[in-house]
Amino acid sequence: MREASWREARHPITAQAVDNSASVGLLTIAALLCCLPYLVFGPLAAPSQVQPWAALVCWLFLAQRLLTQDLRINRLQMILAAFAFWFMVYVYRPDQVSLDYYFRRSASFLLSWGIVMAMQYLSPALLWRLLKITLPLWTAFGILGYVSTSLYFKITAPLVPTIVGVAGGRGTTSLAPEATDFGFTMAFMLLLCMVTRSALRNRGATVERWPLWLAVFNIALSQSGSGFFAAVAIGILYALVSQTGAGRAPVMRYLGVGAFAAVMLIGLSALAVLPETGIRGIDLMATALKSPEALFNTTFSYRVVHNYVGILGIIDSRFAGFGAGAFIAEGPRLYAEYGLGRLFGLTGWYATNVPATLSVSPTAFFPVILLEYGIVGLIYIVVLFRGVGISRIPYKPICIAMMFMTWAQSFPAAYPPFWLLVGLAMNPSFRDARKTAASPPYPLPQNRRLAA
């Protein structure tokens, strides 16, 4: 136990109250920013990228807690930190990588590690309050985009400089750069509402349902293909988890699964004959059922090609990886060398634009970590996903599915909701009540302090 400071000796209660208030305040700001990942402020604003402030505030919280209280750290968190340090030093052609690109691509792992560490202290009650604040904000800005385009841009552009607004039948962008970002983030918010609500109900609290429905409404408001696909995946997995959950008689489980399968078949049949609706999310799902090959004439082609380039990259580098920042240099080379345009039958606009995007920015994150870090990146993916997989977080299959969908799409490594979810998986307050009797998924946290 550390010795009491002079300030604590004279005013012990006041000092402790100040320390606790500072911790709660920093944690509240950090979690709030995680729920608003695209708001940019000040000189560190990075247009089209998620803001770094959530992670930086988390690091401030960790520093404050280390100096005033105990800081818990377990083996998995230490392993993730070791990977993050390696990713910072294993850089592709260091003299040719800009400092801005380096911090966004390489240092983002270490920055985001702060979110994982800080969110293990977040209470379900506090997160629930923040969700009830931020979800209506997303809704209000989303509706404003439809009601008054000029007013929407006037108010929102200073906060999110690269907003698109309502354009091209893609829905509104709300507080995100594009409708895809809005829709998928709302799917993440839906999952966070489910996890938090479950944690609160495990404690005997009575919790409202309206944030769940508001998140679903926001997904519909976005008209985003990514948002719709994520929402459907959440719905399907939720139905499967609830039908096979503990406490149900075998007959009821079989009947529930049978009823769910019947509903799914009816829904798929309806989508297969549905005419074009003009709602991008629904039309993409219908296209996937009618003629999956036609998806290559949509933005889906970018994700397929970029992921394929990542697989080729880890093989071409002999599993060593090319280093942080290599994707925009090595991606176009691999595309041309292996003739991916002919392999995937790209024509017209996509035949020209898909290879061009490889030298600008990746549209998926799995290929980035494979191409740039090789086998080490692959091990990191396994360790990270396994860490959540052995946790006791409610709706664990849905959590893992959303993590996979995040990195299979154009969301960067520093996307705050992703790391918020990982942090909640390590938070003892977010546990599935049915698994509390199980053995701990990680070694018991240890208290680490700097020597006085």
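What you are looking at is a predicted structure, and each value in this text was computed from that prediction instead of being measured. (Residues numbered from 1 in each chain as written. Predicted model: local features only at pLDDT ≥ 70, side-chain atom pairs only at ≥ 80, totals over all residues. Heavy atoms only, no water.)

## Considering the side chain of E372
Test applied: Runs of E in the DSSP output that reach at least two residues are strands. Runs of H or I that reach at least four are helices, and both are numbered from the N terminus. We define a polar contact as two N or O atoms separated by no more than 3.5 Å, with the added condition that, inside protein, one atom must be a possible hydrogen donor and the other a possible acceptor, whereas residues neighbouring each other in sequence contribute only through side-chain atom pairs.
Considering the arrangement of structural elements, one finds E372 in helix α18 (residues 366–389). Looking at E372, its side chain comes within polar contact range of the main-chain nitrogen of A326, at 3.3 Å. A distance of 3.2 Å separates a polar atom in the side chain of E372 from the backbone nitrogen of F327.

## Examining the pattern of salt bridges
Applicable threshold: When a carboxyl oxygen of Asp or Glu lies within 4 Å of a side-chain nitrogen of Lys or Arg, that pair is called a salt bridge. Burial classification: accessible surface area is computed with a 1.4 Å probe over protein chains only, and a residue below 20% of its type maximum counts as buried, one above 50% as exposed, and the rest as partly exposed.
Considering all chains together, one arrives at four salt bridges under this definition. As a salt-bridge pair, D316 and R333 come within 2.8 Å of each other at their nearest N and O atoms. Taken together, the residues D316 in helix α14 (residues 300–316) and R333 in helix α15 (residues 327–337) connect sequence positions 17 residues apart. You can call D316 partly exposed: its relative accessible area is 27%. Across the salt bridge formed by R333 and E337, the nearest N and O atoms sit 2.8 Å from each other. Here E337 and R333 lie together in helix α15, a separation of four residues that amounts to about one turn. Assessed through its relative accessible area of 30%, R333 is described here as partly exposed.

## A look at the environment of F188
Cut-off, in case you're wondering: The contact definition used throughout considers only heavy atoms, calling two residues in contact when any of these lie within 4.5 Å.
By the secondary structure assignment, F188 is in helix α9 (residues 179–202). F188 sits in the buried class, given a relative accessible area of 0%. In contact with F188, not counting residues within four places along its chain, are M402, T406, Y415, P417, F418 and L421.

## Regarding the side chain of H306
Checked against the element boundaries, H306 lands in helix α14. Beyond its immediate chain neighbours, meaning those up to four positions away, H306 contacts F327, V354, T357, L358, S361, P362, T363 and P367.

## Thoughts on unusual backbone geometry
In this structure, S174 takes a positive phi of about 50° despite not being glycine. Tracing the backbone through its elements, the reader meets S174 in the loop between α8 (149–156) and α9. Residue classification places S174 among the buried residues on the basis of a relative accessible area of 0%. In this structure, R318 is a non-glycine residue whose phi angle is positive, near 60°. When you line up the elements, R318 lands in the loop between α14 and α15.

## What about the packing of aromatic side chains?
Keep this limit in mind: Pairing of aromatic side chains requires ring centres within 6.5 Å, counting the rings of Phe and Tyr and the six-membered ring of Trp. Pairs whose planes differ by under 30 degrees are stacked, by over 60 edge-to-face, and all others tilted.
Evaluated as defined, the whole model comprises 28 aromatic pairs. With 4.7 Å between their ring centres and 10° between their planes, W407 and F418 make a pair best called stacked. Remark: F418 occurs in helix α20 (residues 416–425) and W407 occurs in helix α19 (residues 396–407); sequence separation between them is 11 residues. For the pair W407 and F418, one class covers both residues: buried. Aromatic rings pair up to connect F83, F87, F109, F365, F366, Y373, Y380, F385, F404, W407, F418 and W419 into one cluster.

The quantities given are spatial measurements derived from coordinates; they are silent on function.
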